[in-house]
Amino acid sequence: MVVRTEALLRWLRILRSLAEGYPVESELRGWSWQFPPVRPRSYLGLSVQDAVSYCPTKRDVWLRRVAGVRVQPTQYMRTGSAVHDVVFSVASLVRRHFNANQDFERLSRAVGRVVELKSRECPSEECVKIVRSVGWLTYHTAASEWLWSGAGSLPIPATASLCEVRVDGSPVGLSGSLRVDSLPVPNVVVDIKTGRKVEAHEVSLTAYALALESALETPVDFGLLVYVWWSGGLQVDLRGVYIGPDLRRMFLDSRDEAIDIILSRREPPNAVECPQACPYVEVCGRENARS
Ligand code: SF4
């Protein structure tokens, strides 16, 4: 998602004051990957999903990484993937257009084709509505920011955002090819979500921040979670996150627990309450479980 510069700056003002009151020690930075607690016990190339499991007992990690269970993506996962696809396709189309200085009419037709193509990946009518709306919102935000930045009214236009940034997370025990949704400026990481808000989303942002710090040797203290959903129309909510000491320790504990499960091959029990969107509900015999 291309986040409007004004919204980004408003959140940064709030988050910066949190950072000043409770700064991050160097030992919790990604660049301290050679030393505990950032150095992992073992380098297993964990996905962010493995390291920050949504399952309360991390049984999903055991099912994926030890038992080798493969499941089909759920409707929720397919919707998330279609939304990510349309955002990145439209954002890169708009950026190419600006660099080539083509006309807007031609760009708008190209965006229309991309949006329709991506909406065909949807598993439901609701997903189609979200993908179409998010695609056009991305286009309008990027185009208007570009025009206003030309008038000198924006310090950094949202079109300057890097989208789908590949980063090597292996120094901190993660995969060597993580993909960060967006980096509007180098110390802010953005993640787009289509499901309900849960604490694990903030911990996932922290995983990306530590991976970026290990690669770039520069602090990444701030995150933005962009939630999109459909309720009579497209709904968008933006939440700023200070990636402070507490979130960093939560991520490192969660990552170490996942590593322990994989190395020990110990089978965790079923969770008492399972997230509705978990793709393993049938495997675990938890079809009626809800949280
Ligand atoms: S169904 Fe429940 S116990 Fe099984 S992996 Fe999912 S959340 Fe965990």
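Before any of the text, the structure's been laid out above.
Residues numbered from 1 in each chain as written. Predicted model: local features only at pLDDT ≥ 70, side-chain atom pairs only at ≥ 80, totals over all residues.

This paragraph deals with the packing of helix α7 (residues 199-216) against helix α8 (residues 245-264). With their axes 9 Å apart at the nearest point, α7 and α8 run at an angle of 90° to one another. As judged from the angle between their axes, α7 and α8 are roughly perpendicular. Residues E202, V203, T206, A207 and L210 of α7 touch α8, and the partners they reach there are L247, R248, M250, F251 and S254. (Axes fitted to C-alpha atoms, helices over the stretch in contact; angles between N-to-C directions. Helix = DSSP H or I, 4+ residues; strand = E, 2+ residues; numbered from the N terminus. Parallel < 35°, antiparallel > 145°, perpendicular 65-115°, else oblique. Contact = placed C-beta atoms within 7 Å.)

A few words on the nonpolar core. Formed by 64 residues in total, the largest nonpolar core has its most connected members in V189, A207, Y208, A211 and L212. Examining the composition of this core, we find that nine residues originate from one element, α7, more than from any other. Setting aside anything within four residues of it in sequence, one finds A211 in contact with G30, V167, G169, V172, L174 and L178. (Core = buried A, V, L, I, M, F, W, Y, C linked by C-beta atoms within 7 Å. Buried ≥ 20, exposed ≤ 12 C-beta atoms within 10 Å, placed from the backbone.)

With nine bridges joining them, strand β4 (residues 222-230) and strand β5 (residues 234-242) adopt antiparallel strand pairing. Of the residues in β5, the one forming a bridge with L225 is R239. Linkage of β4 to β5, two consecutive antiparallel strands, is achieved through a turn of three residues, within which G232 is found at a positive phi near 75°. (Pairing = 2+ DSSP bridges.)

As a further point, take the packing of helix α4 (residues 75-100) against helix α5 (residues 104-119). Following both chains from N to C, one finds α4 and α5 inclined at 165°, their axes separated by 10 Å at the closest point. Compared by their axis directions, α4 and α5 come out roughly antiparallel. Helix-helix and strand crossings are classified by hand; for α4 and α5 the assignment is right-handed. On the side of α4, the interface is formed by A82, D85, V86, S89, V90, L93, V94 and H97, while α5 contributes L107, A110, V111, V114, V115 and K118. (Left-handed = near helix turned anticlockwise from the far one by under 90°.)

Attention shifts here to the site of the ligand. Taken together, C55, R59, D60, N270, A271, C274, P275, C278, Y280, V281, C284 and R286 make up the full set of residues near the ligand. Per-class residue counts for the shell around the ligand are eight nonpolar, one polar and three charged. (Near = placed C-beta within 6 Å. Nonpolar A, V, L, I, M, F, W, Y, C, P; charged D, E, K, R; others polar.)

Let us look at the pairing of β4. Here six bridges tie strand β3 (residues 188-193) to β4, and the two strands are oriented parallel to one another. Paired with K193 across the two strands is Y227, which belongs to β4.

A few words on the environment of R196. Mapped onto the elements of the fold, R196 is located in the loop between β3 and α7. A sequence separation of 33 residues divides R196 from W229, and the C-alpha atoms of the two residues are 8.8 Å apart.

A few words now on unusual backbone geometry. Omega for the peptide link from P36 to P37 comes to 5°, which places this bond in the cis form. Mapped onto the secondary structure, P37 falls in the loop between α1 (5-21) and α2 (48-51). Unlike most non-glycine residues, E217 shows phi in positive territory, near 60°. Inspection of the secondary structure assignment puts E217 in the loop between α7 and β4. Among the residues examined, E217 registers 10 C-beta atoms within 10 Å and is labelled exposed. Located in the positive-phi region is R265, a residue other than glycine, with phi close to 60°. Tracing the sequence through the fold places R265 in the segment after α8.

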